[in-house]
Amino acid sequence: MHLKDKVALVTGAAQGIGKAFVQVLLGKGCKVALVDLNVEVGKASKDDFDKQFDEEMTIFIPCDVSNEEKLKDAFEKTIQHFGKLDILINNAGVNNEKNWEITVQINLISVIRGTYLGLDYMKTENGGTGGAIVNISSLAGLMPAAHQPVYSASKHGVIGFTRSIAMAATAGNYGVRINTICPGFVNTPILQSIDKEENMGQYSAYKDKIKDMMKFYGILDPPLIAEGLLKILEDETLNGEVMKITTKEGIHFHSYIPLPFQANK
Ligand SMILES: NC(=O)c1ccc[n+]([C@@H]2O[C@H](COP(=O)([O-])OP(=O)(O)OC[C@H]3O[C@@H](n4cnc5c(N)ncnc54)[C@H](O)[C@@H]3O)[C@@H](O)[C@H]2O)c1
């Protein structure tokens, strides 16, 4: 996909990985809707981008992605403002093992809902012109995480949903590619949640074990994750892929045993 003049919606765009995604998309000439719950940081990020790019290139839409009506409204506002939607990045996520239901709600249910909304607007059978959806999972979606079981479950769910809906997209000729990215630890504010009882609940006592894991695996920088995003968006052959990004192997793909029958073959 050529990215110039495409329109992207990025959830969780105010900071961290989402903000790095916006930076590279703008650099490629995309227009971007920054969707985030955090109004203060979201506005400040839009101001940052306005110093580098024409202010018409971005819009900040305050939105809690776990609120169905607000999420629908964010899509409508994006289309009203930019006239179309070509790229959707379902990136907003939390680490909360205490109030664990919101982790499932934000990390998985909202990603599923966002994907369906994106397909409604982009798929060719609905008059859309096709596009690409990228759902952000984690290495914790491919392996157990003893002290973040619900986070791990939510991210496993993102991978299972994304691989399955990607097959449905091929079988149904949606014209939309759907892939997922699984980064290892990344240097963003979410890492601070490990130290907070309100996030870790019964697992608070194990925070040093998670920090040991960070030391073992190393910590990535957000621009590398954004490089992985561009690779997925620009390579039209990729659909249903699980991209892993680690300090040891950089950007690479998870390999699965071929299925005996595939809906898309
Ligand atoms: N940082 C890591 O180590 C790491 C590793 C693997 C995967 N991830 C995933 O990457 C994604 C981005 O995380 P990050 O590291 O940039 O974290 P972050 O906390 O820095 O940023 C997350 C953003 O999502 C927003 N957000 C949270 N809940 C929201 C909601 N209900 N509605 C709208 N916006 C909401 C926050 O306001 C914030 O701007 C998440 O899905 C996370 O699980 C992060």
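Whatever comes next refers back to the structure up there.
K.L.:
I tried to follow helix 4 (residues 100–122) on my own but got confused; where do I start?
P.N.:
Along an α-helix, residues three or four apart share an orientation, since each turn contains 3.6 residues. Relative to the 33 Å expected for 23 residues at 1.5 Å per residue, helix 4 spans 32 Å between its end C-alpha atoms, a close match to the ideal helical length. The largest bend in helix 4 is about 35°, located at Ile109. Those residues of helix 4 that fall on the buried side of the exposure criterion are Thr103, Ile106, Asn107, Leu108, Ser110, Val111, Gly114, Thr115, Leu117, Gly118, Leu119 and Met122. Elements that come into contact with the buried residues of helix 4 comprise helix 3 (68–82), strand 4 (87–90), strand 5 (131–136), helix 5 (149–171) and strand 6 (176–183).

K.L.:
It is not clear to me how a nonpolar patch on the surface should be interpreted in this structure. Could you clarify?
P.N.:
There is a patch of nonpolar side chains on the surface, built from Met213, Phe216 and Tyr217 and spanning about 330 Å² of accessible area. Mapped onto the secondary structure, Met213 falls in helix 7 (residues 207–217). We classify Met213 as partly exposed; its relative accessible area is 34%.

K.L.:
So what exactly am I meant to see when it comes to unusual backbone geometry here?
P.N.:
In terms of backbone geometry, most residues other than glycine have negative phi values and most peptide bonds are trans. Here Asp5, not a glycine, exhibits a phi torsion of approximately 70°, which is positive. Mapped onto the fold, Asp5 is located in the segment before strand 1 (7–11). According to the relative accessible area criterion, Asp5 is partly exposed, its value standing at 41%. At Asn173, a position not held by glycine, the phi torsion is positive, near 50°. With respect to the element layout, Asn173 can be found in the loop between helix 5 and strand 6. For Asn173, a relative accessible area of 60% gives the class exposed.

K.L.:
Where do I start with the nonpolar core in this structure?
P.N.:
Nonpolar side chains in soluble globular proteins tend to be buried together. Judged by nonpolar contacts, the single largest core of 34 residues is most densely connected at Phe21 and Ile181. For this core, the secondary-structure elements that each account for two or more residues are strand 1, helix 1 (16–27), strand 2 (31–36), strand 4, strand 5, helix 8 (222–234) and strand 7 (242–246).

K.L.:
What's the story with the site of the ligand in this structure? I'm lost.
P.N.:
For the ligand, the set of nearby residues contains 29 residues, the closest of which are Asp36, Asn91, Tyr151, Val186 and Thr188. Residue Lys155 places a side-chain N or O atom 2.9 Å away from an oxygen atom belonging to the ligand. Protein chains bury 95% of the 820 Å² of accessible surface belonging to the ligand in isolation. For the shell around the ligand, the class distribution of residues is 16 nonpolar, 10 polar and three charged.

K.L.:
I would appreciate a short explanation of the pairing of strand 6 in the present structure.
P.N.:
A regular strand places its side chains on the two faces of the sheet in alternate fashion. Of all the eight residues making up strand 6, eight are buried; the element is thus mostly covered by neighbouring parts of the structure. Across the two faces of strand 6 the burial is the same, with Val176, Ile178, Thr180 and Cys182 and Arg177, Asn179, Ile181 and Pro183 all buried. The pairing of strand 5 with strand 6 spans six bridges and is classified as parallel. By the bridge assignment for strand 6, Ile133 is matched with Ile178. In the sheet, strand 6 pairs with strand 7 via four bridges, with the strands oriented parallel. By the bridge assignment, Thr180 is partnered in strand 7 with Val242.

Rules of the game
Just so you know, the residues in each chain are numbered from 1, in the order the chain's sequence is written. Thresholds applied to this predicted model are a pLDDT of at least 70 for local features of residues and 80 or more for the giving and counting of side-chain atom pairs; totals over whole chains, interfaces and linings are not thresholded and use all residues. The side-chain quantities take in all heavy atoms of the structure and omit both hydrogens and water. Numbering goes from the N terminus for both helices and strands, where a helix is a DSSP run of H or I of at least four residues and a strand is a run of E of at least two. Expected helix span is given by 1.5 Å per residue-to-residue step, counting one fewer step than there are residues. The seven residues ending at a residue and the seven starting there each receive a fitted axis; the angle between those axes is the bend at that residue. Here the term buried applies to any residue with accessible area under 20% of the maximum for its type, exposed to any over 50%, and partly exposed to those in between, with areas from a 1.4 Å probe on protein chains only. Residue contacts follow a heavy-atom distance rule, with two residues in contact if any of their heavy atoms lie within 4.5 Å. Within the patch definition used here, like charges are joined within 9 Å and nonpolar side chains (Val, Leu, Ile, Met, Phe, Trp, Tyr) within 5 Å, considering only residues with over 30% relative accessible area and no salt bridge. Each accessible area value is a Shrake-Rupley result obtained with a 1.4 Å probe; residue values ignore everything except the protein chains displayed when judging cover. The salt bridge definition used is simple: a Lys or Arg side-chain nitrogen within 4 Å of an Asp or Glu carboxyl oxygen. The criterion is simple. A nonpolar core is a set of buried Ala, Val, Leu, Ile, Met, Phe, Trp, Tyr and Cys residues joined through side-chain atoms within 4.5 Å. We define proximity as follows: a residue is near a molecule or strand when any one of its heavy atoms falls within 4 Å of that partner. N or O atoms closer than or at 3.5 Å make up a polar contact, with two conditions inside protein: a donor-capable atom paired with an acceptor-capable one, and, for residues adjacent in sequence, both atoms drawn from side chains. Throughout, the ten residues Ala, Val, Leu, Ile, Met, Phe, Trp, Tyr, Cys and Pro are labelled nonpolar, Asp, Glu, Lys and Arg are labelled charged, and all others, Gly among them, are labelled polar. Only strands joined by at least two bridges in the DSSP assignment are considered to pair.

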